[in-house]
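Report on the structure
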Amino acid sequence: MMLHNPRRSASKILRGLAGGVAVLALAGCHLDMWNQPKYKTLAKSEFFADGAAARPLVEGVVPFQVTTERNPRYSGVDEEGAFIPRIPYHVNRAFLERGREQFDIFCAQCHGRTGQGNGMIVQRGMKQPVSLHDPRVKGMPHGYYFDVITNGFGVMYNHAARISPRDRWAITAYIRALQLSQDARVDDVPEDRRDELSGTPNAPAASDANGGQDDHG
Amino acid sequence: MPQVFSPAMNAVARSSIIAAVFLAGAATIAFGALYRSSFVTQVNNPRPQTVPFSHRQHVAGLGIDCRYCHTSVEDAPFAGIPPTETCMTCHSQVWTDAPILEPVRRSWDTGKPLEWVRVHDLPEFVYFDHSIHVAKGVGCVTCHGRVDQMPLTWKANTLRMSWCLECHRAPEKFIRPRDQVFSMEWQPDEPQETLGARLLEEYDIKVGQLTNCSVCHR
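The rules behind each value
- Residues numbered from 1 in each chain as written.
- Chains lettered and ligands numbered in written order.
- Predicted model: local features only at pLDDT ≥ 70, side-chain atom pairs only at ≥ 80, totals over all residues.
- Heavy atoms only, no water.
- Core = buried A, V, L, I, M, F, W, Y, C linked by side-chain atoms within 4.5 Å.
- Buried < 20%, exposed > 50% of the residue type's maximum accessible area, 1.4 Å probe, protein only.
- Helix = DSSP H or I, 4+ residues; strand = E, 2+ residues; numbered from the N terminus.
- Contact = heavy atoms within 4.5 Å.
- Buried area = accessible area lost by both parts, 1.4 Å probe.
- Salt bridge = Lys/Arg side-chain N within 4 Å of Asp/Glu carboxyl O.
- Polar contact = N/O pair within 3.5 Å; in protein donor to acceptor, adjacent residues only side chain to side chain.
- Nonpolar A, V, L, I, M, F, W, Y, C, P; charged D, E, K, R; others polar.

With that settled, the discussion passes to the nonpolar core. Ranked by size, the top nonpolar core spans 25 residues in total, and within it Phe103, Phe106, Ile121, Met126, Ile171 and Ile175 of chain A carry the most contacts. Of all elements in the fold, only helix 3 (93-106), helix 4 (108-111), helix 5 (120-123), helix 7 (142-151) and helix 8 (165-182) of chain A reach the threshold of two or more residues within this core. Phe106 of chain A has contacts with His159, Arg162 and Ile163 of chain A together with Arg67, Tyr68 and Thr71 of chain B, leaving out every residue within four places of it along the chain. Counting twelve residues, the second-largest nonpolar core is a separate cluster that includes Ile175, Leu195, Leu199 and Tyr203 of chain B.

The interface is formed by 33 residues belonging to chain B together with 30 residues belonging to chain A. Buried area between chain B and chain A, summed over both chains or domains, comes out near 2,900 Å², and the portion from carbon and sulfur atoms is 57%. Its largest share of buried area at the contact with chain A, chain B owes to Tyr68, Gln93 and Glu124 of chain B, together 22% of the area lost on that side. The interface formed by chain B and chain A includes three salt bridges. Here Lys40 of chain A ties to Asp121 of chain B by a salt bridge, and the two come within 3.9 Å at their closest N and O atoms. Our count for the chain B to chain A interface comes out at eleven residue pairs in polar contact (both at pLDDT 80 or more). Put simply, the parts of the chain that give the side of chain B that touches chain A at least two residues each are helix 3 (55-61), helix 4 (66-69) and helix 5 (84-91) of chain B. Broken down by element, the residue count for the side of chain B that touches chain A peaks at five residues, all from helix 5 of chain B. Residues of the side of chain B that touches chain A, tallied by class, amount to 16 nonpolar, eight polar and nine charged.

This is the structure in structure tokens:
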């Protein structure tokens, strides 16, 4: 009987130690601050039937900037439904550069950086888009470009959810700059800077000029 | 009262003291190794996904900009995981019968979103914001590594607080010009200290504030 006591106290100490370790371990695994009862963006949900925490827009909802009357800034068309022939933003260098950045992100994959329609995805099997330098395309009013980006065209999906209205206008402005550049003649270059051009006189100098721009972008 | 322990137990008792110290040390080292291991941090550990999406193919192979899919990275805390529509912009025309894209087509047909496994899962008491990092010249590569070389996506860094603080304490060692944030291959063409010090000034980065608790924790 006497022998028994120390053993019992030893096993008590052991159990105490084990308990302590367990408490520490449990405290270490206390994850309710790590995973709080809140939804992060695009999280999964067990509450909504479709399993997604992000809710689809209610049918007929409009962004709050857009008034119920037709606003050319968000539609690209005037009251008669004709494409507007202007860009409803002040076009300056910063606006064009924003346009170039957005064009290179969203458009160049298919349209190519110069707009010829030979982008990488086209080389991988996407239907080739018409060149942005095609006379028919060039003749379209500004609002048409905005409309195509907003609503898509042919196999091109709409990009309304990806590109903000302002950036769509910036892209439109940049496409105009591209069109000018691809059609530029030596006469367009100030006389004192013509030495900087490479290539033959009166050949479209644009690919050089534009290539340089892309490198800096 | 008989002796509970025989004299031979003295040696056991002494050696157990040494063994305990040794074991405690070994346990500490083992715990440290485990804590830093990719088993725990998930660093360099590709996560299986419903669709085996390859950043290498899309970024290095095709030259698609990060922002084509991660559209909100410049404006919002969350960089954005693209909706199925973004995938289908090309894959309605390209690779249309590839079996690995079947979940994408199913998602497009049913309207049920694709389920991606989160690779970078921060604790929810951290309020990370992509937009401010991008605006102040933290390159994608700085935190995410060479995503353009990842056939499947993995974490390149632990995203532990100690790791965050390396930069929050001395951002000049890591920041780059804004127009190079999305570049995968950018290298400074002047000493990083010189560049970093200049950019701190230019981008108005107040280093002292960056280690305030409330910068990341609310």
